[in-house]
Amino acid sequence: MRTRFTEAFGIRHPIVQGGMQWVGRAELAAAVSQAGGLGMITALTQPTPADLAAEIERCRKLTDQPFGVNLTILPAITPPPYDEYRRVIVDSGVTIVETAGSNPEPHMEMFRAHNVKIIHKCTSVRHALKAEAVGVDAVSIDGFECAGHPGEDDIPGLVLIPAATDRLTIPVLASGGFADARGLVAALALGADGINMGSRFMCTVESPIHDKVKQAIVDGDERGTQLIFRQLRNTARVAGNAVSRDVVEILLNGGSFPDIAPLVAGSRGRRVFEDGDLDAGIWTVGLVQGLIHDIPTCASLLDRIVSEASALITGRLAAVVP
Ligand SMILES: Cc1cc2nc3c(=O)[nH]c(=O)nc-3n(C[C@H](O)[C@H](O)[C@H](O)COP(=O)(O)O)c2cc1C
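For the structure given in this document, a descriptive report is provided here. (Residues numbered from 1 in each chain as written. Predicted model: local features only at pLDDT ≥ 70, side-chain atom pairs only at ≥ 80, totals over all residues. Heavy atoms only, no water.)

For the rest of this paragraph, the subject is the pairing of strand E7 (residues 172–175). Taking every second residue as pointing to the same face, both faces of E7 are buried, with Val172 and Ala174 on one and Leu173 and Ser175 on the other. Here strand E6 (residues 138–142) runs beside E7; their pairing, made up of four bridges, is parallel. Of the residues in E7, the one forming a bridge with Ile141 is Ala174. Crossover handedness for the path E6 to helix H7 (residues 157–165) to E7: right-handed. As defined by bridge partners, E7 adjoins strand E8 (residues 194–197) across three bridges and the pair is classed as parallel. Among the inter-strand pairings, Leu173 is bridged to a residue of E8, identified as Gly194. (Buried < 20%, exposed > 50% of the residue type's maximum accessible area, 1.4 Å probe, protein only. Helix = DSSP H or I, 4+ residues; strand = E, 2+ residues; numbered from the N terminus. Pairing = 2+ DSSP bridges. Right-handed = clockwise from strand over helix to strand, strands pointing away.)

Here it is in structure tokens:
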């Protein structure tokens, strides 16, 4: 499949694996890129900038295809050394970056100077327009369905994506709620140039998380997620579990961040992925778990999506207009 996105970024399939904290490690990014998509290492999963440099090297040993690095900038009590992570990205010769969480403008000069292409991930038309105005190469737009941070506007992809593609000129990736060929074809019909997926790639053979988490996604359905942090205007869609329910309850009863901080600590979420204890902490997954029924390799997943999408376009859709 050829779109403006595959052309501009030099990849075979218009399918991107978005940054995922604790999941976006070299083996997953390499498997996605090797299979013709665009894999992404998540910078902040690495404890230090030096570890990120080593992870990028590890990924290079696993694939000769292009891959990217996600740099997510979110409010934090003790912010990580973002400038040092950014320096490692350019010094390692990475040519594609996914920025997320805040305005990409402060990164533009340095990334541009090193010929790094930027995909900015955002959750609204106005932020996508702003990113286009500051010169990013593509935007990835997360609808309300998405895993992680959907923003505060609550606009699902069916409206958000065409509202965005009507107004943008740069390539657009539709993100949030995509898992299969039907989603890819729908995204293209809505005006997007490809899709970005998180939850679907979490549930693959190469995804470096405990099998119990993958099985929970297969067993779960579209009603199994929960929105937390609504009152803090930092909404996150996560798997519904004992901890997420406590967090919602505490905030509903007038609690504030210090009351929930111990429950939502990143170290607890990490334990879910490492030990397979589904109630150890908060972990992220999207509504699309209702469409995830297996744990394929990335190669078979991408082959399936692309071949079924072609069949859908030339078969059922073509038959609509005989
Ligand atoms: C476990 C997990 C962790 C994530 N962590 C990040 C992150 O650190 N930075 C980021 O920009 N997006 C993060 N995301 C969001 C994904 O990159 C992607 O935008 C989202 O999963 C799309 O929705 P989907 O899960 O319905 O495909 C995460 C998603 C998951 C499932």
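Taken as a whole, this structure holds 18 salt bridges when the rule is applied. One salt bridge connects Lys214 with Asp211, and the closest N-O pair in it is separated by 4.0 Å. Separated by three residues within a single helix, Lys214 and Asp211 lie in helix H10 (residues 211–219), roughly one turn from each other. Arg304 serves as the salt-bridge partner of Asp294, at 2.7 Å between the closest nitrogen and oxygen. Of this pair, Asp294 sits in the loop between helix H13 (266–275) and helix H14 (298–320) while Arg304 sits in helix H14, and the two are 10 residues apart along the sequence. (Salt bridge = Lys/Arg side-chain N within 4 Å of Asp/Glu carboxyl O.)

Turning our attention to the packing of helix H8 (residues 181–189) against H14. At a minimum axis separation of 8 Å, H8 and H14 run at an interaxial angle of 60°. Of the two possible hands of crossing, H8 and H14 adopt the one that is right-handed. Judged by residue contacts, Ala181, Arg182, Leu184 and Val185 of H8 engage Ile305, Glu308, Ala309, Leu312, Ile313 and Leu317 from H14. For the contact of H8 with H14, a count of residues per class yields eight nonpolar, no polar and two charged. (Axes fitted to C-alpha atoms, helices over the stretch in contact; angles between N-to-C directions. Left-handed = near helix turned anticlockwise from the far one by under 90°. Contact = heavy atoms within 4.5 Å. Nonpolar A, V, L, I, M, F, W, Y, C, P; charged D, E, K, R; others polar.)

This part is about the packing of helix H3 (residues 49–62) against helix H4 (residues 82–91). Orientation of H3 relative to H4, taken along the N-to-C sense of each, is 25°, at an axis distance of 9 Å. On the basis of the axis angle, H3 is roughly parallel to H4. Crossing angle aside, the handedness with which H3 passes H4 is right-handed. Where H3 abuts H4, its residues Pro49, Leu52, Ala53 and Ile56 lie against Glu84, Tyr85, Val88 and Ile89. Of the residues belonging to the contact of H3 with H4, the class tally is seven nonpolar, no polar and one charged. (Parallel < 35°, antiparallel > 145°, perpendicular 65-115°, else oblique.)

With that out of the way, let us pick up H8. Those residues of H8 lying buried are Ala181, Gly183, Leu184, Val185 and Ala187. Taken together, the buried residues of H8 touch strand E1 (15–17), E7, E8 and H14. Looking one or two residues beyond H8, the residue adopting positive phi is Gly191, at roughly 105°.

This part is about the packing of aromatic side chains. Using the criterion set out here, one finds two aromatic pairs in the structure. Judged by centre distance (4.4 Å) and plane angle (20°), the ring pair of Phe5 and Phe9 falls under stacked. In this pair, Phe5 and Phe9 both sit in helix H1 (residues 4–9), four residues apart, roughly one turn of the helix. Pairing Phe273 with Trp283 gives two aromatic rings, centres 6.4 Å apart and planes at 75°, and the pair type is edge-to-face. Here Phe273 is found in helix H13, whereas its partner Trp283 is found in the loop between H13 and H14, with 10 residues between them in sequence. Here Phe273 matches Trp283 in class, with each residue buried. (Phe/Tyr/Trp six-rings, centres within 6.5 Å; stacked < 30°, edge-to-face > 60°.)

Right, let's get into the environment of Ala138. Its location among the elements puts Ala138 in strand E6. On the basis of relative accessible area, Ala138 is assigned to the buried category, the value being 0%. Residues Ala138 and Asn234, 96 residues apart in the sequence, show an inter-C-alpha distance of 24 Å. Excluding residues within four positions of it along the chain, Ala138 makes contact with Phe5, Phe9, Ile118, Ile119, His120, Ile170 and Pro171.

This next bit is on the sheet that holds E8. The strand order E1-E8-E7-E6-E5-E4-E3-E2 describes an open sheet built from eight strands, whose pairing is parallel. With partners counted over all chains shown, the strands left at the sheet margins are E1 and strand E2 (40–42), one partner each. Along the sheet, successive strands turn relative to each other by an average axial angle of 25°, direction set aside. Looking at chain direction, strand E3 (residues 68–72) and strand E4 (residues 96–100) are connected through four bridges and run parallel. Paired with Val69 across the bridge in E4 is Val97. This element, H8, spans E1, E7 and E8 of the sheet and lies at about 130° to E8.

Moving on to the site of the ligand. As a structural note, the neighbourhood of the ligand is formed by 23 residues, with Gly19, Thr72, Lys121, Gly177 and Ser199 the closest of them. A distance of 2.8 Å is found between an oxygen atom of the ligand and a side-chain nitrogen or oxygen belonging to Lys121. Isolated, the ligand exposes 610 Å² of accessible area, and the fraction of that covered by the protein chains is 92%. Mapped onto the shell around the ligand, the elements with two or more residues apiece are E3, E8 and helix H9 (199–202). A class-by-class count of the residues in the shell around the ligand yields nine nonpolar, 12 polar and two charged. (Near = heavy atom within 4 Å. Polar contact = N/O pair within 3.5 Å; in protein donor to acceptor, adjacent residues only side chain to side chain. Areas by Shrake-Rupley, 256 points an atom, 1.4 Å probe, with all protein chains shown as cover.)

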